[in-house]
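Overview (structure and organization)
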Amino acid sequence: MSLEIKNQLEFIKEEKREIFGAWFLGRFLFWDYEIKKSISALKKAKLAAYNLGNILLRMGIIAGWLAFLVWIYLNQADLSVNPLEILFFWRDFHPLILIFLLSLWLDLFLIYRKSEKKDAEKRINFKLFDKENNQKNQGPKYYNTLKAYPDKILTLIDEAYFLAKKLNQDRASIIHIFRVLLKEKEVQNVFIRLNIDAKKLISFLDRNMEEGDEAPGKSSDKRLSLKAHQALVLAFAEALIAGRDSVDTLDLLKHCCDKSDLLTEILSEMEISANKIENTIAWFRINEALLERQRRFSKSALLKPGTNMNRSYTAIATPTLDQFSHDLTVQAKFGYLEMCVGREQEFSEIFQAFTGGHNGLLLVGANGIGKSAIINGLAQMMVEEKVPKFLKDRRLIELDVPTLVAGAEASAAQERLLLSISEANRSGNIVLYIDNLENLIGITSGSQESLDLSEVLAEAIRRKHIFCIASANNKNFASYIEGRAIGEVMTTIIVKEPERDEAIRILESKVAVLESRYGIFVVYGALEAAVDMSRRFLHDQFLPLKAINLLEQAASFSAERAANNPDDVFCDKENVATAISDLTGVPANKISESESQKLLNLEEEIHKRLIGQEIAVQAVAASLRRARVELKDSRRPIANFLFLGPTGVGKTELAKAVSESYFGDEDYVIRLDMSEYQGDDAINKMIGGIDGTFGYLTEAVRKKPFSLILLDEIEKSNPDVLNLFLQMFDEGRLTDGQGRAISFSESIIIATSNIGAVFIQDEIKKGTEIEIIKQALIDEHLNRHLRPELINRFDGVIVFKPLTKENIFSITTLMLKKIKKALGEKGIGLRADKNGVNILARDGYDPKFGARPLRRLLQERIENVVANKILTGEIKRRDIVIINSKAEIEVETGPEL
Amino acid sequence: MLKTNFFSYFSIIILEFLAKILYFPLWWYGVGLIKKVKSLFYFIKAKEEELGLGVWVKNILVPMYGQRDFAGRAISFFIRLIQVIFRSIILFVWFILALSALAIWLFFPPILVIALIFQIF
């Protein structure tokens, strides 16, 4: 809404009067208000005097009634004889009675004051902005928005100005207003929901109060900056549109937050933004609105009949229909349905279609998108009778298709449906709702052949016998409904997935229920995380349901925690991360931890398990950093790499190391040996087929979107598969055999290849630079196997050098460390002589196979020997295995216990 | 435009205060009375809606429960008539209550004056 207001209002200089303001609904809105210290003090004194007066008034009233009670006490003997005497109390000449009678005047005065105060709160004259009214009565064209501001806010504006003065500034700007707004309870509550340390925010603000803001035009008040004027005018427009009686602090807060660069800077330092504040304010508004609606709803619900009869008793009984249905309006009347938020667009489409003579409507949208919420909302509107005339005094009945067809043969089910429809028709006060309309289509029941019940319904709708609303998800609509008779007679209304902010607002409306159910306090960060993380990780579900479920799970986690630690009742981003990790298996700390730290230490992390290949590691780390920091398309994979090099130089190892340091575990590697995808069925194996088989790649990524996809020996795969990769690398998504879009935006894709391995070895021997080798590889070797557009889509082509002798020595040491660790678990030590390790490294090195033979060598010479010795009892706990200078095994006996 | 200085504003405040006290009796029999009448009117209207009297009167000739035969129509007419009478009585009671509330509004201040005079003199 606010966005609309900002867009609707253009803040301009009005040349005639030389004031700044904006045209809105036919009037020029501006702000003109004089601030003087003396008057401001008087105003404060006046407010204080009025408050004092109010207190005295109430005290007088209480005193009067007390006097009356004392009089009753004093006269209790007489009154107990004749209680009716009390009515003639005024005939008793008594000072207490005099006090009481005088105080009754105060009661009357209080009634008067309260009514006047209530009227005074209505500061916005909506008639002035009513377009139809405007044509009849022009009125003044200029509107000083000051009129719409209550004294409380005007006092705050005064304070903001004095604050600026105190800081030797000419005028108050947004930052000063924001600072004084922070004193208000409503504003403080917003920041509590945002989980912001108020003291820190205030100290930040107090250190940064200098804001050189432009002054407004000639005749306008120059004590406030131009942007402050703008905020005050916009806040008025906001209150006007929302139909509030006067502008309140939250309206002003909302329009202050995005006006000042300095404030934006300070807010982002506190990790908040104007958008977050707007959404949090919306949260408070939603709660207010829900309370108000609840109050109104319970009032009007009293009038709605709670039976199947309408108010005029003209409806007829519907015994058959009652068996196979339940009454949504009755459920709504007794408050069993959740309040529906937003969805104005869909409601207006429903009403328009009905008014336009369409008797059948079909809501189409994915599961969890809110079709049921819309129907519940419709039931509530029907209870309140806030519906077009032809829907008034009607019932919304949900037809229970499973019950309808249960235990009946197809013809019997058809008869039941026919009877139900005919009853609905004759009763005349029924709107039928059928959830999952596809259930009525092609039912095979008992021994009889399949019967299409939807034809019966379609006929009734075509003849306009009943009003019917139905729902179906996209897939079922396309496969079963579209193109059939039932699809043709029904008007389709597409229910769209809500946008991010709308989804957050839907969540906001659910928080109160969660908070009371779990006894926790939900902060705004949790809502935002629930929407963002569900969008990021739960690709096969839809908003808002996936976010609601996620938030509920997070709430239950924090309730568990609160049970152990009653002081910690906050449900925040961390809880949502835990919940998502529970659902997807991604480690929670990895989701919430800031990536920057992870990325900065990437080289170090990788080198903990990968020896050598510094250039390759650097290139990968730099690419990952680039990919994340640069403004890249967020739908694309995190990064795509092509690793080139001879076998055994650490290509796969680097992929695993990246997975471990980036995702936290090497289990996040999805490994595909592309030599297995050479045949014609490669695509089917990869992404599944329309026959229902699941694709290996798409299923793996669907279940684990947070993953590293390792495509080993990519050059060996079928050319069709390579074409598939083009889209995967570029768009970050593939459509699987079931028609689901699988997102790769959270994946790192690494392809390895041995192409040009010999060339690399030769060139390295010659001492050619790696960059030159890489270019030659791409130009001369790679393009024989891979298409240039595919090579182009890699974020980096990384060439692995053959291993040097030093590398092999380090790798041997690393492998021995692993063996040492394994032995250590059995209580056995390991020590190695440097010469021995050198011998092992020398013997294990093969220029053709890199470090691969080394593993075998260590198995044969060390692990096998040690294993034998353990079995024969030569090595026991506390013994130390020694690899001597000849690389042979010796045992040092440990101390006996 | 609000061009003011300390003294003028001060006198405005004092005048405002006096005006508020003097306006009280005028308000009671003017704006206040209109508001009271309006609120009682809405009260009666809400009660009428609750009882559905209008709906019953409007449908007095429409058969109940879709029974469109002669007997159905006849029985329905009489049942509806009884309902209308019964509901009118209830509404009338509410109406009397509303009227008494209005009477209290109108006559309470003079009675209070009389009672006070009676007490003091």
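Residues numbered from 1 in each chain as written. Chains lettered and ligands numbered in written order. Predicted model: local features only at pLDDT ≥ 70, side-chain atom pairs only at ≥ 80, totals over all residues.

1. Structural notes on the overall build of chain A
- Looking only at helices and strands, chain A has 40 helices and 22 strands in total.
- Rg of the C-alpha trace for chain A: 38 Å, well past the compact-globule value of 29 Å for 897 residues, more than 25% over.
- Counting only C-alpha atoms and orienting by the principal axes, one finds that chain A spans roughly 125 × 85 × 75 Å.
- The proportion of buried residues among the 897 residues of chain A is 40%.
- Expressed as a percentage of contacts within chain A between residues at least 6 apart in sequence, the contacts between residues at least 24 apart total 75%. (Helix = DSSP H or I, 4+ residues; strand = E, 2+ residues; numbered from the N terminus. Rg over C-alpha atoms; globule rule 2.2 N^0.38 Å. Buried ≥ 20, exposed ≤ 12 C-beta atoms within 10 Å, placed from the backbone. Contact = placed C-beta atoms within 7 Å.)

2. Thoughts on the sheet that holds strand β22 (residues 889-892) of chain A
Residues and elements named next belong to chain A.
- Pairing is mixed in the open sheet, where three strands are placed in the order β20-β21-β22. Edge positions in the open sheet fall to β20 (829-832) and β22, since each of these has one partner strand only. Pairs of neighbouring strands in the sheet enclose a mean axial angle of 25°, with direction left out of account.
- Bridge analysis of β20 against strand β21 (residues 880-883) gives four bridges, and the strand direction is parallel. (Pairing = 2+ DSSP bridges. Axes fitted to C-alpha atoms, helices over the stretch in contact; angles between N-to-C directions.)

3. Section: the domain arrangement of chain A
- Taken domain by domain, chain A comprises domain 1 (2-26 + 139-287), domain 2 (40-109), domain 3 (303-494), domain 4 (500-583), domain 5 (595-799) and domain 6 (805-892).
- Computed over C-alpha atoms only, the centres of domain 1 of chain A and domain 2 of chain A are separated by 45 Å. (Domains from an automatic or database assignment.)

4. A closer look at the interface of chain A and chain B
- Contact with chain A, which involves 27 residues of that partner, is made by 28 residues of chain B.
- Looking at the side of chain A that touches chain B, the elements with two or more residues in it are α2 (37-74) and α4 (95-121) of chain A.
- Ranked by residues supplied to the side of chain A that touches chain B, first place goes to α4(A) with nine residues.
- Split into classes, the residues belonging to the side of chain A that touches chain B amount to 18 nonpolar, four polar and five charged. (Nonpolar A, V, L, I, M, F, W, Y, C, P; charged D, E, K, R; others polar.)

5. Concerning the environment of A:Leu642
Residue and element names in this part refer to chain A.
- In this structure, Leu642 sits in strand β13 (residues 639-644).
- Along the primary structure Leu642 and Thr752 are separated by 110 residues, whereas in three dimensions their C-alpha atoms are 5.6 Å apart.
- With near-sequence residues (within four places) excluded, Leu642 lies in contact with Ala751, Ser753, Phe794, Val797 and Ile798.

6. Focus on unusual backbone geometry
Residues and elements named next belong to chain A.
- Of the consecutive residues Leu543 and Pro544, the connecting peptide bond is found in the cis state with omega at 0°.
- Within the element layout of this structure, Pro544 appears in the loop between α24 (524-537) and α25 (545-564).
- Positive phi is not limited to glycine here, since Asn195 has a value of about 60°.
- Take Asn195: it is sitting in the loop between α8 (185-193) and α9 (198-207).

7. Section: the sheet that holds strand β3 (residues 27-30) of chain A
All names here are of chain A.
- Taken in spatial order, the four strands make up an open sheet running β1-β2-β3-β4, and their pairing is mixed. Because the sheet does not close on itself, it has two edges, and the strands there are β1 (12-14) and β4 (142-144). The sheet shows a mean angle of 50° between the axes of neighbouring strands, direction not considered.
- When β1 meets strand β2 (residues 19-24), the two strands line up antiparallel, connected through three bridges. Counted as the bridge partner of Ile12 is Gly21 from β2.

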